[in-house]
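# Report on the structure
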Amino acid sequence: MGLGHTVAVFGAYGHTGRFVVAELRKRGFVPVLSGRDADKLKALAESGPGLDARPASVGDPASLDRALAGAAAVINCAGPFATTAAPVIEAALRAGIPYVDVAAEIEANVDTFAHFTDRARASGAVIVPAMAFYGGFGDLLATAAMGDWTTADEAHIAYGLSSWHPTAGTRAAGAVSHQRRDGRRVRYRNGRLEYHQDDLPTLEWPFPEPVGSRAVIGEFTMADVVTLPSHLSIPEVRTYMSLEAARDIAAPDTPEPAAVDQRGRSAQTFLVDVVVRSGGSERRAVARGRDIYAVTAPLVVEAVDRILTGRTRTVGVASAGAIFDAPDFLRALSSQISLELRP
């Protein structure tokens, strides 16, 4: 449990940030609320006892230093991460504390690995990007599915979302990523990232029941094409998105998520089906749960807990599957997700 550790949350008043703050408190951590909007921070701080609000801006390093003062770790929930990741990582390095973010932006995650790997490893720092539903979760599932395999020929991550009502943050981050890659799509083929403008195929994916066979968009651009290859020897990583969810995220008038329970979760459900293949053999990991934004909170808070209690496998910049014991990590989330590993 949190043992009273103070954890700074940058972007605490955002949709995902609020879930993270609630999860930290639930697990015994003391969240420090940070972000650039002082009024939103104040309102959030007044929603519960003992919440400390510390406004900060990525353009003001001194304010970030004040926000992280005395914290044991920092969680960055503020996108677009193309703008926020590097300044908050620099602040974490100055403070000598671990950094974890929930970035789904491919380019931002690539930048984190490219710009901070050597410095973080040399100093023994821990930086975990994409510790969220997109990027981190798929990486944990693929790593768990791999088991004792050291290499595989290909990995397939299929997202069976019932719907996808994007937050304003998701919209903003997506727009930045789209602009950074000039409207191109991204896939991982032949051991490298490829930027392309090919039409995306629609095909049927055999999800386990109760979802069953569903239409999906193939090569749907996802952060898994960065996280998996960062540590797994797999030359082909392919991602798929259910057609309903792909249509939702593409439509400009799709509303934001609406809470339907006391925890603030939406009615959205998900089934993530991960298949890794080597030669003629196949292994599979299947996870089911509810609300991709809400489930990010236990993912990222479990990560911080494990980092602060020394349950890690490496230092430097590392994805979830590289730094944590993937099967054990996923089992720790049994109250949030159901997991099935199929050898």
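Notes on the structure follow. Quick caveat, the model's predicted, so the values are computed rather than measured.

Before going further, it helps to examine the nonpolar core. Of all hydrophobic cores here, the largest spans 108 residues; its most connected members are M131, F133, F137, L161 and M241. Dropping the residues within four chain positions of it, L161 is found in contact with F133, Y134, M241, S242, E244, A245, Q268, T269, F270 and I292. Counting eight residues, the second largest nonpolar core, distinct from the first, contains F207, V216, Y240 and V275.

The subject of this paragraph is the side chain of Q268. Turning to its location among the elements, Q268 is positioned in the loop between α9 (243-250) and β13 (269-278). Its relative accessible area of 5% is what places Q268 among the buried residues. At a separation of 2.6 Å, a polar atom in the side chain of Q268 contacts the main-chain carbonyl oxygen of S163. If sequence neighbours within four positions are ignored, Q268 has contacts with L161, S162, S163, W164, R290, D291 and I292.

Here the focus is α9. Regarding α9, the residues found buried are L243, A245, A246 and D248. Contacts from the buried residues of α9 go to β7 (154-161), α7 (168-180), β11 (213-218) and β12 (236-242).

It is worth spelling out the pattern of salt bridges at this point. Counted by the stated rule, this structure contains 26 salt bridges. With a closest N to O distance of 3.5 Å, R238 and E236 form a salt bridge. Judged by its relative accessible area of 14%, E236 is buried. When salt bridges that share partners are traced, they join R27, E302, D305, R306, R311 and D328 into one network.

Bringing the environment of K40 into the picture now. Tracing the sequence through the fold places K40 in helix α2 (residues 38-45). Assessed through its relative accessible area of 45%, K40 is described here as partly exposed. As for K40 and V20, which are separated by 20 residues in sequence, their C-alpha atoms are 16 Å apart.

Once that is clear, we can look at the packing of helix α6 (residues 133-146) against helix α10 (residues 292-308). Where α6 contacts α10, the two axes come as close as 10 Å, and the packing angle between them is 65°. For the crossing formed where α6 meets α10, the hand is left-handed. Facing α6, whose interface residues are F133, Y134, F137 and L140, α10 presents I292, V295, T296 and L299. When grouped by side-chain class, the residues that make up the contact of α6 with α10 number seven nonpolar, one polar and no charged.

Cut-offs used in this document
- Residues numbered from 1 in each chain as written.
- Predicted model: local features only at pLDDT ≥ 70, side-chain atom pairs only at ≥ 80, totals over all residues.
- Heavy atoms only, no water.
- Core = buried A, V, L, I, M, F, W, Y, C linked by side-chain atoms within 4.5 Å.
- Buried < 20%, exposed > 50% of the residue type's maximum accessible area, 1.4 Å probe, protein only.
- Contact = heavy atoms within 4.5 Å.
- Helix = DSSP H or I, 4+ residues; strand = E, 2+ residues; numbered from the N terminus.
- Polar contact = N/O pair within 3.5 Å; in protein donor to acceptor, adjacent residues only side chain to side chain.
- Salt bridge = Lys/Arg side-chain N within 4 Å of Asp/Glu carboxyl O.
- Axes fitted to C-alpha atoms, helices over the stretch in contact; angles between N-to-C directions.
- Left-handed = near helix turned anticlockwise from the far one by under 90°.
- Nonpolar A, V, L, I, M, F, W, Y, C, P; charged D, E, K, R; others polar.

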